[in-house]
Amino acid sequence: STKYRTREWSLHDFDMGRPLGKGKFGRVYMVRTKVEPKYIVALKTLYKSEIVESKVEKQIRREIEIQQNLRHPNILRLYGYFHDEKRIFLMLEFAGKGELYKQLSKYHRFSERRSSRYIDQMADALIYLHSKHVIHRDIKPENLLIGINGELKIGDFGWSVHAPGNRRMTLCGTLDYLPPEMVEGKEHNEKVDHWALGVLTYEFVCGFPPFEDRNSTNNTYRRIAKVDLRFEDKEVRLSEDVKDLITKFSSSFVMNRRNACP
Ligand SMILES: COc1ccc(C(=O)Nc2ccccc2)cc1NC(=O)CCSc1ncnc(N)c1Br
């Protein structure tokens, strides 16, 4: 609603709730507006000092600009923002069922039915993003949230990283989702999101990403560059359909690469 955009918000408008997650630049709290109607939002605090230090102020300005114009049921809303002398506050949609990766680590992998529902919603969100010439470039379980009715939401975590814990972390976030052209530092287009959707589908139904090599990041690079896709894992029974879908996601990328270098 436009009311959010015009009025000036401040911390005093909210009752503070529990912390929701920790990002690299600050924390996210569940908060509620003090006056009726009592909206619940996820309030993300970013420290100006850290943002300046990491020279990401342009990136966050651009990101806020992009996010405020996005309206899609499978993309987490950014309602607005405000700041005080030390911090910037992002007023985000609250996703009622939290972080998808926590479900994935709890259940190890998703059924093909549940995976197909999530991938279908991701595809809708990407069609919408690409229609606005926005390439996401960072699709991975850590960046996905689940709404109160079980619907998937792309929650842009900006440059936030999760506590190291059991998450795969390399220099710039997980390597596993990078497509060959990014791994080789080439220019990229929205097909990088199609590639990542294939990697995401594989990780949903298998419980681990297709090119992962826990012992050597170099080998992960090599396997990505070669598109070394394997389905031989004994304990995971995959339908021919899902193997075909995943192969198509990666081959759509290979076609793209062939076009790129005649
Ligand atoms: C549209 O969502 C965003 C938009 C922008 C940024 C951001 O930090 N940009 C950024 C930060 C620094 C530098 C450059 C960009 C972050 C998010 N989103 C988030 O941080 C997700 C917070 S966690 C959470 N949120 C809702 N419901 C839950 N249950 C949970 Br758990």
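Residues numbered from 1 in each chain as written. Predicted model: local features only at pLDDT ≥ 70, side-chain atom pairs only at ≥ 80, totals over all residues. Heavy atoms only, no water.

A. Up close: the packing of aromatic side chains. A full pass over the atoms with the stated rule returns nine aromatic pairs. Seen from their ring centres, Phe82 and Phe89 are 4.9 Å apart, and the 20° between their planes marks the pair as stacked. The two residues Phe82 and Phe89 agree in class, both being buried. Following the ring pairs from residue to residue traces out a cluster consisting of Trp9, Phe14, Phe82 and Phe89. In this structure, Arg114 packs its charged tip against the face of Phe110, placed 4.4 Å from the ring centre. (Phe/Tyr/Trp six-rings, centres within 6.5 Å; stacked < 30°, edge-to-face > 60°. Buried < 20%, exposed > 50% of the residue type's maximum accessible area, 1.4 Å probe, protein only. Lys NZ or Arg CZ within 6 Å of the ring centre and 35° of its normal.)

B. Representation of unusual backbone geometry in the model. The amide bond that connects Glu36 to the next residue, Pro37, takes the cis arrangement and shows omega of -10°. As for its position among the elements, Pro37 is in the loop between β2 (26–33) and β3 (40–47). Even without a glycine there, the phi angle at His108 is positive, about 65°. By the secondary structure assignment, His108 is in the loop between α4 (100–107) and α5 (112–131). Looking at His108, the relative accessible area reads 57%, which means it is exposed. (Helix = DSSP H or I, 4+ residues; strand = E, 2+ residues; numbered from the N terminus.)

C. Structural view of the nonpolar core. Core analysis: the largest hydrophobic core is formed by 32 residues, its most contacted members being Leu100, Met122, Leu144, Leu200 and Phe204. Sorting the residues of this core by element identifies α4, α5, β6 (144–146), β7 (152–154) and α7 (191–206) as the ones contributing at least two each. The dominant element in this core, judged by the number of residues it contributes, is α5, at seven residues. Within the second largest apolar cluster, 14 residues are counted, among which are Val56, Ile60, Ile88 and Leu145. (Core = buried A, V, L, I, M, F, W, Y, C linked by side-chain atoms within 4.5 Å.)

D. Seen up close, the site of the ligand. Residues in close proximity to the ligand total 23 residues, the closest being Lys44, Glu63, Gln67, Ala95 and Asp156. At 2.9 Å from an oxygen atom of the ligand is found a side-chain nitrogen or oxygen belonging to Lys44. In this structure, a nitrogen atom belonging to the ligand sits 3.1 Å away from a side-chain N or O atom of Glu63. In the complex, 98% of the free accessible area of the ligand, which totals 700 Å², lies under the protein chains. Those elements giving two or more residues to the shell around the ligand turn out to be β3, α3 (57–68) and β5 (87–93). It is α3 that provides the largest number of residues to the shell around the ligand, a total of four residues. Classifying every residue of the shell around the ligand by side-chain character gives 14 nonpolar, four polar and five charged. (Near = heavy atom within 4 Å. Polar contact = N/O pair within 3.5 Å; in protein donor to acceptor, adjacent residues only side chain to side chain. Areas by Shrake-Rupley, 256 points an atom, 1.4 Å probe, with all protein chains shown as cover. Nonpolar A, V, L, I, M, F, W, Y, C, P; charged D, E, K, R; others polar.)

E. Main features of the environment of Ile75. Within the element layout of this structure, Ile75 appears in the loop between α3 and β4 (78–83). C-alpha separation for the pair Ile75 and Tyr128, spaced 53 residues apart in sequence, amounts to 9.5 Å. The contacts of Ile75, once residues within four sequence positions are left out, are Leu70, Glu93, Ala125, Tyr128, Leu129 and Ile154. (Contact = heavy atoms within 4.5 Å.)

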